[in-house]
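Overview (structure and organization)
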Amino acid sequence: MPSRDGHVQAGPESSRRNAIAGAFLRLAVIALLVGGQATGSPGFGLTGDRLAITALTTAIAVTLSLMVVIRLRPILPGRWNDGPAEAVLIGLTIVAAIALDMVSDSSPAVAVLMFAVGAAAVRHPLSWSLPLLLLALAGLGSSVAGLLPPPLTPEAQQRDLSLCVSICVVFAVAFAIRQRRAATAAQAGEAVLAERARIAREIHDILAHSLSAQIVHLEGARLLLRADRSQEALDRVERARELAKQGLDEARRAVAALRDDAQPLPAALDALAGEFRDATGRECAVVVSGHERRLPPETELAMIRTAQEAVTNVRRHAPGSPATVRLSFGDRTCELEVVNPPSDAPGTPGGGYGLVGMRERAELLGGTLEAGETEDGFLVRLRVPA
């Protein structure tokens, strides 16, 4: 998840790996700098230019070492706000690297300068990294313009001018990497929010359907008991009990789907058909065609909930009628059909709010839901991308 300043925040294990990798990278830069300056000309010493080279190399090594400590802090207990401190250390490193390059004219100092500019762009927001880039360009530009002693030869001025362009390229690439990471983190954050919304929707559907119906039945039982109609009140209590059991089963099914440990879709439909047969004594056939495979959890859950709602509607509105559940796996879509022939027995009237909810769920997945009378009876068809 991105933080307020745009940093990408990872989990504890990922943060630990990133911190260790960053620390090793800085230690490698220190080793490159010290090794290159020690073996190059004029090398280390305690007089003249050698003393300046020794002092500047030591200063750069110290600042990079402090950056290593800051980099390793995420894996230590406690929390710190080390952003400003690291930015200051990068600024000191840039100044020391420019001074070292002026004294020794060495490639290790240039490598450290580019590393510092790139680290600033990757690790810090633009409000901090851009001034550090301008600091590096100002130092090199002053040298090119002859504002800093000693005066440079035309060849050295051309070299420093090319170095300014290279630093700008490094900064642009590093900033693009930072933006890419921020975009990836934003997408991950949106996925988390979408998952939370999906969980909230599942919980709402279960509670709205199960608890509201239980309240209605229990309120009716209370009124019947006051009227001394105990047998009718007992029937209402039994219905409320059955609704509570169904709601618990739905909650378990939803939790299993959200945890990615749900049954495969054909097995879940077989279980639903078995419940229909046990409750009604009527046949409920399940026909599966196409290449069977697992679908995304939210897709499988939507199809199960649609089949459950359709089969429940058969029991309510067409009592005594059998049902057929067809599941078809296609290359690009997956289709679910629940069909039942007309029933001679009168059913319980309903407002169809369950089908409205299933249609909304299908639209959220980019699919469609159709429901209505056909020649074979009543048909519910759900088609979703697969």
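Residues numbered from 1 in each chain as written. Predicted model: local features only at pLDDT ≥ 70, side-chain atom pairs only at ≥ 80, totals over all residues. Heavy atoms only, no water.

1. A closer look at the packing of aromatic side chains
Let me state the cut-off plainly: Pairs were defined over the aromatic rings of Phe, Tyr and Trp, the Trp ring being its six-membered one, requiring ring centres within 6.5 Å. Orientation was assigned from the angle between planes: stacked under 30 degrees, edge-to-face over 60, tilted for the rest. Numbering of helices and strands starts at the N terminus; helices are DSSP runs of H or I of at least 4 residues and strands are runs of E of at least 2. With a 1.4 Å probe rolled over the protein chains alone, any residue whose accessible area is under 20% of its type maximum counts as buried; one over 50% counts as exposed, and the rest are partly exposed.
Under the counting rule described, the total for this entry stands at 1 aromatic pair. Taken together, a centroid distance of 6.4 Å and an interplanar angle of 5° make the contact between Phe171 and Phe175 stacked. Residue Phe171 and its partner Phe175 are located together in helix 6 (residues 154–226), separated by 4 residues, close to a single helical turn. A residue is classified by how much of its surface remains accessible, and Phe171, at 8% relative accessible area, is buried. A relative accessible area of 23% places Phe175 in the partly exposed class.

2. Description of the pattern of salt bridges
For the record, the criterion: A pair is scored as a salt bridge if a Lys or Arg side-chain nitrogen falls within 4 Å of a carboxyl oxygen belonging to Asp or Glu.
Enumeration according to the criterion identifies 13 salt bridges in this entry. For Arg26, the salt bridge is made with Glu86, and the minimal N-O distance between the two is 3.6 Å. On the criterion of sequence distance, the pair formed by Arg26 in helix 1 (residues 12–39) and Glu86 in helix 3 (residues 83–104) is long-range, its members being 60 residues apart. Glu86 shares its class with Arg26; the two are buried. The residue Glu370 makes a salt bridge to Arg381 at a minimum N-O spacing of 2.9 Å. You can see Glu370 sitting in strand 4 (residues 368–374) and its partner Arg381 sitting in strand 5 (residues 377–385), a full 11 residues away along the chain. The class for Glu370 is partly exposed, based on a relative accessible area of 38%. The network of salt bridges with common partners includes Arg326, Glu335, Glu337, Glu370, Arg381 and Arg383.

3. Brief notes about the packing of helix 8 (residues 265–280) against helix 9 (residues 297–317)
The cut-off we apply is this: Here the axes come from fitting lines to C-alpha atoms, over the contacting stretch only for helices, and the angles between their N-to-C directions go from 0 to 180 degrees. Note on terminology: angles under 35 degrees are roughly parallel, angles over 145 are roughly antiparallel, angles of 65 to 115 are roughly perpendicular, and the others are oblique. Crossings are sorted by hand: turned counterclockwise from the far helix by less than a right angle, the near helix makes the crossing left-handed, and turned clockwise it makes it right-handed. When checking whether two residues touch, look at their non-hydrogen atoms; a contact exists if any pair is within 4.5 Å. In this classification, Asp, Glu, Lys and Arg are treated as charged, Ala, Val, Leu, Ile, Met, Phe, Trp, Tyr, Cys and Pro as nonpolar, and every other residue, Gly included, as polar.
Axis separation between helix 8 and helix 9 bottoms out at 10 Å; the angle between their running directions is 15°. By the criterion of interaxial angle, the relationship of helix 8 to helix 9 is roughly parallel. Here helix 8 runs over helix 9; the crossing is right-handed. Residues Leu265, Ala268, Leu269, Leu272, Phe276, Ala279 and Thr280 of helix 8 pack against Glu300, Met303, Ile304, Ala307, Gln308, Val311, Val314 and Arg315 of helix 9. Per-class residue counts for the contact of helix 8 with helix 9 are 11 nonpolar, 2 polar and 2 charged.

4. Here's the deal with the environment of Ser104
Just so we agree on the cut-off: In the analysis that follows, any N or O atom pair within 3.5 Å is treated as a polar contact, provided that within protein one partner can donate a hydrogen and the other can accept it, and provided that, for residues neighboring in sequence, both atoms belong to side chains.
Relative to the elements of secondary structure, Ser104 occurs in helix 3. Linking Ser104 and Gly40, residues 64 residues apart in sequence, is a C-alpha distance of 8.8 Å. Beyond its immediate chain neighbours, meaning those up to four positions away, Ser104 contacts Gln37, Ser41 and Ile53. Reaching out from Ser104, the side chain makes a polar contact with the backbone oxygen of Leu100 at a distance of 2.7 Å.

5. Side note on the nonpolar core
Going by this rule: Here, nonpolar core means buried Ala, Val, Leu, Ile, Met, Phe, Trp, Tyr and Cys residues that are tied together by side-chain atoms lying within 4.5 Å of each other.
Judged by nonpolar contacts, the single largest core of 37 residues is most densely connected at Ile60, Ile90, Ile94 and Leu113. Every element with two or more residues in this core is listed here: helix 1, helix 2 (48–72), helix 3, helix 4 (107–123), helix 5 (126–144) and helix 6. In terms of residue count, helix 4 provides more of this core than any other element does, 11 residues in total. Other than its neighbours up to four places away in sequence, Ile90 contacts Met67, Ala116, Ala119, Ala120, His124 and Leu132.

6. A word on the sheet that holds strand 1 (residues 284–290)
Put simply, the rule is: Strands are labelled as partners when DSSP assigns at least two bridges between them.
An order of 1-2-3-5-4 is seen for the 5 strands of this open sheet, with the pairing classed as mixed. In this open sheet, the two edge strands, each paired with only one partner strand, are strand 1 and strand 4. Across the sheet, the mean angle separating the axes of adjacent strands is 10° when strand polarity is ignored. Relative to strand 1, helix 8 is tilted by about 165°, and along the sheet it contacts strand 1, strand 2 (323–329) and strand 3 (333–340). Here helix 9 sits on the sheet in contact with strand 2, strand 3, strand 4 and strand 5, set at roughly 10° to strand 3.

7. Details of helix 8
Think of an α-helix as 3.6 residues a turn; residues three or four steps apart then line up on the same face. Put simply, the rule is: Residue count minus one, scaled by 1.5 Å, sets the expected span of a helix.
The terminal C-alpha atoms of helix 8, which comprises 16 residues, lie 23 Å apart, in line with the 22 Å expected from a rise of 1.5 Å per residue. Those residues of helix 8 lying buried are Leu265, Pro266, Ala268, Leu269, Leu272, Ala273, Gly274 and Phe276. Of the surrounding secondary structure, the elements contacted by the buried residues of helix 8 are strand 1, helix 9, strand 2 and strand 3. Note on helix 8: the residue one or two positions beyond its end, Gly281, has a positive phi of about 75°.

8. With respect to unusual backbone geometry
If you check the backbone angles, Asp228 has positive phi at about 60° while not being a glycine. By secondary structure assignment, the location of Asp228 is in the loop between helix 6 and helix 7 (230–258).

Worth remembering: the numbers are spatial, not functional.
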